[in-house]
Structures are given as C-alpha cells and as structure tokens.
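Summary of structural features
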Amino acid sequence: PEALTRWKWMIFAHTRDLAFGYSGKTVVTQKELMLQPNMPRFFREGDSMSLPVKISNLSSGIMTGSVSLNWLDAWDSSNLDNSFQNKTASQPFRVEAGQSTVVYFSTVIPGGFREPVVYRLQAQTNTGAASDGEEGLIPVLSNRMLVTETLPLNMTGRNNKHFSWEKLLNSKT
C-alpha cells in the first residue's frame, strides 16, 4: 500500500495421502504514474516549509502533465490554499521513461492556526492516460509546548522505583 511494492506469492497444497504441490510467483503493485509525497506527521503553527513530492514514471514513454496540492479544512472541507500561502497549487511536470522527478510546494502554517488539515495531492498526464493521487490528514499543534526535562523510565521485572521531576515541581518558583 502507498508504494511500489514487490510481493512474494507462495501457494502450497496437499492431499490426505501427502501428495503436494507448490508454486511461487512475484507480484508487483505499481502504477505507471506514481506520486510519493514526503509529508510530516504533524505541523506546528507558524511553520514554513517546502514540501517535496516525488513523481515516478514507470512507463516506456515520456510523461508530461500537472500536479496539484490543495489544503482543506478537516471539519468542513473549505479551501485553505490562501491561508497557507499555497501560491503554486498546480505545477507542470515532465518525467522521462523509467525516471522520477521532484516538485516542491511552499507552505506556511498561519500563526494561531491549531486545527487538523487535509492535503489533497493529484497528478494527471496531459493526455489523461495516467493519474495518481493521495489524501491525508495532518494535525497542527500549538507552538507553545516546551519540554524542560526528560527522564527515561526504565523498569525491569517486578521492581519498585521512585521517579522525581524536580524542575517541574519547582517550576512555579
């Protein structure tokens, strides 16, 4: 799922008198045009980034077309492209046979924005012969989380241990 994958397919059958048969094949799941975005697990309000999207051409000919990225509100599906400064929501691409290329989408998460967002990524060739797309949800976290102390909690067996976060206990002073 979500990637070029090679599966090993093995079939084994037998009868009650232990006669058996076996066959093994390799199955490849792929499309001629594939998008592979490198999206983060989460955003922080105020983030500014350039998001790479790899476009792979697994066909025997050159592919040209356009790829688009749209940002949507997770609650009502309203378009957030202007809020996220998505000025190049659609970009052209050209990929040689058996090659790949990368396009970048600049994105700025507005300060004070703390809602999950949906990204919708779509690519289509000019001829309409091949297309691919992906949609996903990314949470936007507050930028005000500050970790001041960490402590590993390693426990083995049925032991009792006492842990104390002194900096946290004294943080009010």
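Scroll up to find the structure this text is about.
In what follows, the accompanying structure is described. (Residues numbered from 1 in each chain as written. Predicted model: local features only at pLDDT ≥ 70, side-chain atom pairs only at ≥ 80, totals over all residues. Heavy atoms only, no water.)

What follows covers the pattern of salt bridges. By the definition in use, this model includes four salt bridges. With its nearest N and O atoms 3.1 Å apart, the salt bridge here joins arginine 94 to glutamate 96. Two residues, arginine 120 and glutamate 135, come together in a salt bridge whose shortest N-O distance is 2.7 Å. Placement of the pair is arginine 120 in strand S9 (residues 117-125) and glutamate 135 in strand S10 (residues 131-138), with a sequence separation of 15 residues. (Salt bridge = Lys/Arg side-chain N within 4 Å of Asp/Glu carboxyl O. Helix = DSSP H or I, 4+ residues; strand = E, 2+ residues; numbered from the N terminus.)

Note on placement: phenylalanine 113 falls in the loop between strand S8 (100-108) and S9. Each C-alpha atom of the pair phenylalanine 113 and serine 83 lies 9.6 Å from the other, and the pair is 30 residues apart in sequence. When sequence neighbours within four positions are dropped, the list of residues in contact with phenylalanine 113 reads Glu45, Leu80, Phe84 and Val140. (Contact = heavy atoms within 4.5 Å.)

All right, on to unusual backbone geometry then. A positive phi angle, near 70°, is found at leucine 18, a position not held by glycine. Following the sequence through the fold, leucine 18 ends up in the loop between strand S1 (5-14) and strand S2 (20-29). One non-glycine residue, serine 77, adopts positive backbone phi at about 60°. For serine 77, the location among the structural elements is in the loop between strand S6 (63-73) and strand S7 (90-95). Overall, serine 77 belongs to the exposed group, its relative accessible area being 53%. (Buried < 20%, exposed > 50% of the residue type's maximum accessible area, 1.4 Å probe, protein only.)

Look at any regular strand and the pattern is simple: side chains alternate between the two faces of the sheet. Direction of pairing for S6 relative to S9: antiparallel, over a ladder of nine bridges. From the neighbouring strand, serine 66 faces S9, where its bridge partner is glutamine 124. Of the pairings in the sheet, the one linking S9 to S10 comprises eight bridges and is antiparallel in character. Bridge pairing links glutamine 122 to glycine 133 in S10. Where S9 folds back onto S10 in an antiparallel hairpin, the turn is made up of five residues, including glycine 128, whose phi is positive at roughly 80°. (Pairing = 2+ DSSP bridges.)

Moving on to the sheet that holds S9. Hydrogen bonding along the main chain pairs the strands of a sheet, whether they run parallel or antiparallel. Strand order in the open sheet formed by four strands is S7-S6-S9-S10, and the pairing between neighbours is antiparallel. Looking at which strands have only one partner, the edges of the open sheet turn out to be S7 and S10. Each adjacent strand pair in this sheet contributes to an overall mean axis angle of 20°, direction not counted. (Axes fitted to C-alpha atoms, helices over the stretch in contact; angles between N-to-C directions.)

Looking now at the nonpolar core. Nonpolar side chains in soluble globular proteins tend to be buried together. Judged by nonpolar contacts, the single largest core of 27 residues is most densely connected at Phe43, Ile55, Val67, Leu69, Trp71, Phe93 and Val117. Elements supplying a minimum of two residues to this core: strand S3 (33-37), strand S5 (48-57), S6, S7, S8 and S9. When neighbours within four sequence positions are excluded, tryptophan 71 is seen to be in contact with Phe43, Leu51, Ser78, Asn79, Leu80, Asp81, Phe84, Asn86, Thr107, Val117, Val118 and Tyr119. (Core = buried A, V, L, I, M, F, W, Y, C linked by side-chain atoms within 4.5 Å.)

In total, this model carries five aromatic pairs according to the counting rule given. Here the aromatic rings of phenylalanine 43 and tryptophan 71 are separated by 5.7 Å at their centres, their planes lie at 70°, and the arrangement is edge-to-face. Of this pair, phenylalanine 43 sits in strand S4 (residues 43-44) while tryptophan 71 sits in strand S6, and the two are 28 residues apart along the sequence. For tryptophan 71, a relative accessible area of 0% corresponds to the buried category. Seen in terms of ring centroids, phenylalanine 84 and phenylalanine 113 are 5.3 Å apart; in terms of plane orientation they differ by 85°. Their pairing is edge-to-face. Remark: phenylalanine 113 occurs in the loop between S8 and S9 and phenylalanine 84 occurs in the loop between S6 and S7; sequence separation between them is 29 residues. No difference in accessibility class separates phenylalanine 84 from phenylalanine 113, as the two residues are buried. Taken together, the aromatic side chains of Phe43, Trp71, Phe84, Phe113 and Tyr119 make up a single cluster linked through ring pairs. (Phe/Tyr/Trp six-rings, centres within 6.5 Å; stacked < 30°, edge-to-face > 60°.)

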